[in-house]
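# Observations on the model geometry
Here is what each chain is made of, one letter per residue.
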Amino acid sequence: MQIVILNDAAAVAAYGANIFSTQLQKKPTSVLGLATGSTPVALYQELITKNKAGEISFSQATTFNLDEYLGLTGDHPQSYRYFMNEQLFSHIDINKDNTFVPSGDALNPITACKEYENKIVAAGGVDVQLLGIGRNGHIGFNEPSSGLCSRTRVKTLTKATVDDNARFFAEGEYQPHLSITMGIGTILEAKKVVLLATGENKAHAVHAMIEGPLMAKCPASALQLHKDAVIVIDKAAASKLEDLEFYQHIEAENQKLQTRLSSL
Ligand SMILES: N[C@@H]1[C@@H](O)[C@H](O)[C@@H](COP(=O)(O)O)O[C@@H]1O
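The subject of this paragraph is the site of the ligand. Close contacts around the ligand come from 14 residues, with S38, T39, D67, H138 and K202 the closest. The contact in question runs from a nitrogen atom of the ligand to an N or O atom on the side chain of D67, over 2.7 Å. A distance of 2.9 Å separates an oxygen atom of the ligand from a polar atom in the side chain of H138. The residue makeup of the shell around the ligand, split by class, is three nonpolar, eight polar and three charged.

Structure follows, in structure tokens:
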């Protein structure tokens, strides 16, 4: 794992956006794995700005989102499809036909999950997967106890996740307790994964992900198995890390190495 600790949420978003823009510049036909939640919003804003400035183009890119609420149609304001249109897709030069979000209104969700996996494979696999993390260590909607090799499937949300996400729903509005999510095994197949976490309320999950044992109780700990996982966090989210100074030292050495390599 590469652990990048930055001063604040704005720096985290800028760092993450840079990974995605570099990827698109290198490979315009990239397959990008995208995430919802409040954390990626600032990163999406950076990407919109870069797209409008002509620095990057999504015109040949394909995207796959991690998850969706089961029971919401894509035009429901709380669906993740709607979120992605609002926060990113409607503001960039992407062909919306090349943007994929699991179908929350699929007649047969089990078949829809298999089809989603097939589409990812047919697209050549995900080049870079963006992730956030839930307070309980979930990634996508892979809640604690999720199989570490799991595939895209229907998952029941924990009460903690339902409560955390209740802020997005109006009082009395129907809030789904089920989801379709890429599995942990699906996520681990992305060539690179970039997880962003900011704020003190994520510090416990970040500690469990990086320093805890590999375990289904903290689904994000599965990233310890990934060959190219970049964890980008602010100081608040890093505040419970036991070896914080060591990670900062490694990153400083990484920077020096990069500088040396770029001058070759
Ligand atoms: N399914 C999403 C996750 O993909 C996201 O990482 C998490 C954290 O969201 P936030 O960034 O708002 O804390 O929320 C939801 O549960």
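Here the focus is a nonpolar patch on the surface. A cluster of nonpolar side chains, namely L257, L261 and L264, defines an oily patch on the protein surface of about 340 Å² accessible area. Accessibility expressed as a relative area gives 85% for L264, which makes it exposed.

Another aspect to go through is the sheet that holds strand β6 (residues 128–131). Within the open sheet, the seven strands sit side by side as β1-β10-β9-β6-β2-β3-β5. Their pairing is parallel. The sheet is open, and its two edges are formed by β1 (2–6) and β5 (99–100), each paired on a single side. Here strand β2 (residues 31–34) runs beside β6; their pairing, made up of two bridges, is parallel. In the sheet register, L32 faces β6, and the bridge partner there is V128. Contacts from helix α1 (residues 9–26) reach β1, β2, β6, β9 (192–197) and β10 (229–234) within the one sheet, and its direction differs from that of β10 by about 155°.

Here we take up the side chain of T62. Note on placement: T62 falls in strand β3 (residues 62–65). Residues in contact with T62, not counting those within four places in the same chain, are S30, V31, L32, N98 and F100.

It is worth spelling out the pairing of β3 at this point. The side chains of a regular strand alternate between the sheet's two faces. Burial of the side chains of β3 extends over both faces: T62 and F64 are buried on one face and T63 and N65 on the other. Bridge analysis of β2 against β3 gives four bridges, and the strand direction is parallel. When the bridges of β3 are listed, L34 appears paired with N65. With helix α2 (residues 41–52) bridging β2 and its parallel neighbour β3, the resulting β-α-β unit is right-handed.

Our next topic: the nonpolar core. In this structure, M209 and I233 are the most contacted members of the largest nonpolar core, which totals 63 residues. If one sorts the elements of this core by residue count, α1 sits on top with six residues. One finds L72, F141, L157 and F169 within the second-largest nonpolar core, a separate group that totals seven residues.

Before going further, it helps to examine the pattern of salt bridges. A side chain with one charge may pair with a side chain of the opposite charge, provided their charged atoms come close. Following the criterion strictly, the structure yields nine salt bridges and no others. Measuring nitrogen to oxygen at the nearest pair gives 2.9 Å for the salt bridge that ties K27 to D127. Note that K27 is positioned in the loop between α1 and β2 and D127 in the loop between α4 (109–122) and β6, a separation of 100 residues in sequence. Under the relative-accessibility criterion, K27 is labelled partly exposed at 32%. A relative accessible area of 6% places D127 in the buried class. With a shortest N-O distance of 3.1 Å, K256 and E253 are connected by a salt bridge.

A few words on the sheet that holds strand β4 (residues 67–69). The three strands are arranged β4-β8-β7 in an open sheet whose pairing can be described as antiparallel. A single partner strand is all that each edge strand has here, and the edge strands are β4 and β7 (153–156). Strand-to-strand twist of the sheet, defined as the mean angle between neighbouring strand axes without regard to direction, takes the value 30°. Sheet topology note: the β4/strand β8 (residues 178–181) ladder contains three bridges and is antiparallel.

Attention shifts here to the packing of aromatic side chains. Each aromatic ring pair is specified by the distance between its two centres and by the angle formed by the two planes. Under the criterion given, the structure shown has seven aromatic pairs. Considering the side-chain rings of F64 and Y116, the 5.7 Å spacing of their centres and the 80° angle between planes classify their relative orientation as edge-to-face. On the criterion of sequence distance, the pair formed by F64 in strand β3 and Y116 in helix α4 is long-range, its members being 52 residues apart. The same class applies to F64 and to Y116, which are both buried. Measuring from ring centre to ring centre gives 6.4 Å for F246 and Y247, while their planes differ by 50°; the resulting arrangement is tilted. For F246, a relative accessible area of 49% puts it in the partly exposed group. The exposure class of Y247 is buried, given its relative accessible area of 9%. Among the aromatic residues, those joined into a ring-pair cluster are Y69, Y80, F141 and F169.

Cut-offs used in this document
- Residues numbered from 1 in each chain as written.
- Predicted model: local features only at pLDDT ≥ 70, side-chain atom pairs only at ≥ 80, totals over all residues.
- Heavy atoms only, no water.
- Near = heavy atom within 4 Å.
- Polar contact = N/O pair within 3.5 Å; in protein donor to acceptor, adjacent residues only side chain to side chain.
- Nonpolar A, V, L, I, M, F, W, Y, C, P; charged D, E, K, R; others polar.
- Patch = residues over 30% accessible without salt bridge, like charges linked within 9 Å, V, L, I, M, F, W, Y side chains within 5 Å.
- Areas by Shrake-Rupley, 256 points an atom, 1.4 Å probe, with all protein chains shown as cover.
- Salt bridge = Lys/Arg side-chain N within 4 Å of Asp/Glu carboxyl O.
- Buried < 20%, exposed > 50% of the residue type's maximum accessible area, 1.4 Å probe, protein only.
- Pairing = 2+ DSSP bridges.
- Helix = DSSP H or I, 4+ residues; strand = E, 2+ residues; numbered from the N terminus.
- Contact = heavy atoms within 4.5 Å.
- Axes fitted to C-alpha atoms, helices over the stretch in contact; angles between N-to-C directions.
- Right-handed = clockwise from strand over helix to strand, strands pointing away.
- Core = buried A, V, L, I, M, F, W, Y, C linked by side-chain atoms within 4.5 Å.
- Phe/Tyr/Trp six-rings, centres within 6.5 Å; stacked < 30°, edge-to-face > 60°.

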